[in-house]
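Notes for the structure review
Listed below are the residues making up each chain.
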Amino acid sequence: MTRSLQSEADNKDFRVVIGKVGAPHGLDGTLRIIPLTDFPDRFDDMQEVYVGDELLKIEKCRWHQDRLLMKFSKYPVREEAARLTGKMLSVPRNQAADLNDGEYYTFDIVGLSVYDTDENMIGEVTEVLRTGSNDVYAVKRENAPELLVPALKKVVREIDVDGGRMVIDMEAID
């Protein structure tokens, strides 16, 4: 299963997107936050977060009905905080939530080289499509149409994120 955290950069300072700043809420600089994570409870204990490229200390964070409200110490009034609207919230990669065995983040899957069980190079994963029942990996191939690979154990035989590769059983793709 693939978890949907988006990447903000592909370098050693890699951060993962966990939310987006919405409109102000009230007059004290509190902002609505749109969670973009499969782990919304992560916001409960956060003390700081990147907003765009700026690391900000969180003064208050709470859920109000179905919305997340957050206030940053550096932005004490509505007008100043409103400038953050539309910016992405992110955390360093090492603060991404732990996953169970066999689960991967989208940003770990995209870019993997894909091989068949005979070690023939097929292409590269360019996108993870969330279909509801199971994810589907879009694989770009040279001189061939894009290949859609269902993220099923009978098809995807191996995922080696550190090695940058995925092995699939071409015969199991229907």
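Details of the structure are given in the entry above.
All values derive from a computational prediction rather than experimental measurement. In every chain, residue numbers begin from 1 and rise along the written sequence. For this predicted model, a pLDDT threshold of at least 70 governs which residues receive local features, and a threshold of 80 or more governs which side-chain atom pairs are given and counted, while totals over whole chains, interfaces and linings are taken from all residues. The side-chain values count all of the structure's non-hydrogen atoms but skip hydrogen atoms and water molecules.

Remarks on the overall build of the chain
Numbering of helices and strands starts at the N terminus; helices are DSSP runs of H or I of at least 4 residues and strands are runs of E of at least 2. A count of helical and extended segments in the chain gives two helices and 15 strands. With the principal axes as the frame, the chain shows a C-alpha extent of 60 × 30 × 30 Å. Note on contacts: a residue pair is in contact if any heavy atoms of the two residues lie within 4.5 Å. Summarising the internal contacts of the chain: among those between residues at least 6 apart in sequence, 51% fall at separations of at least 24. Accessible surface, the chain as shown: approximately 10,100 Å² in total, 44% of it carbon and sulfur. Under the counting rule used here, the positive set is Lys and Arg, the negative set is Asp and Glu, and His together with the chain ends is not counted. For charged residues, the charge sits on one atom: NZ in Lys, CZ in Arg, CG in Asp, CD in Glu. The centroid of the 23 positive side-chain charges in the chain is displaced by 9 Å from the centroid of its 33 negative side-chain charges. Using a 1.4 Å probe, accessible areas were evaluated by the Shrake-Rupley method; residue-level cover was limited to the displayed protein chains.

Thoughts on the pairing of strand E15 (residues 165-168)
Each residue's exposure class comes from its accessible area (1.4 Å probe, protein chains only) as a fraction of the maximum for that residue type: buried when under 20%, exposed when over 50%, partly exposed otherwise. Side chains Arg165 and Val167 project from E15 onto one buried face, and the interleaved Met166 and Ile168 project onto a second face that is buried too. Looking at chain direction, strand E10 (residues 113-116) and E15 are connected through four bridges and run parallel. From the neighbouring strand, Tyr115 faces E15, where its bridge partner is Val167. One ladder, built from four bridges, connects strand E14 (residues 156-160) with E15; its direction is antiparallel. Residue pairing across strands places Val156 opposite Ile168, the latter belonging to E15. The antiparallel hairpin formed by E14 and E15 contains four residues in its connecting segment, where Gly164 sits at a positive phi of about 70°. At least two DSSP bridges between two strands are needed for those strands to be called paired.

Considerations on the side chain of Arg42
For Arg42, the position within the fold is in the loop between strand E4 (31-35) and strand E5 (48-51). For this analysis, a salt bridge means a side-chain nitrogen from Lys or Arg found within 4 Å of a carboxyl oxygen belonging to Asp or Glu. No salt bridge is formed by the buried Arg42. Its closest oppositely charged neighbour is Asp41, at 7.5 Å. When sequence neighbours within four positions are dropped, the list of residues in contact with Arg42 reads Ile18, Thr37, Val91, Gln95, Ala96 and Ala97.

Points about the nonpolar core
Among buried residues, those of type Ala, Val, Leu, Ile, Met, Phe, Trp, Tyr and Cys that are joined through side-chain atoms within 4.5 Å constitute a nonpolar core. Judged by nonpolar contacts, the single largest core of 24 residues is most densely connected at Val49, Val51, Met70, Phe72, Leu84 and Leu89. Going through the elements one at a time, strand E3 (15-24), E4, E5, strand E6 (54-64), strand E7 (67-72) and strand E8 (88-92) are the ones with two or more residues in this core. With sequence-adjacent residues up to four places away left out, Met70 is seen in contact with Gly29, Thr30, Leu31, Ile33, Phe43, Val49, Ile58, Lys60, Cys61 and Leu89. If you look at the next biggest cluster of nonpolar residues, it comprises 16 residues, including Tyr137, Val149, Ile159 and Met166.

Describing unusual backbone geometry
Although it is not a glycine, Glu119 sits at a positive phi angle of roughly 70°. Mapped onto the fold, Glu119 is located in the loop between E10 and strand E11 (121-130). A residue is classified by how much of its surface remains accessible, and Glu119, at 44% relative accessible area, is partly exposed. Although it is not a glycine, Asn143 adopts a positive phi angle of roughly 55°. Here Asn143 lies in the loop between strand E12 (135-140) and strand E13 (147-150). A relative accessible area of 82% places Asn143 in the exposed class.

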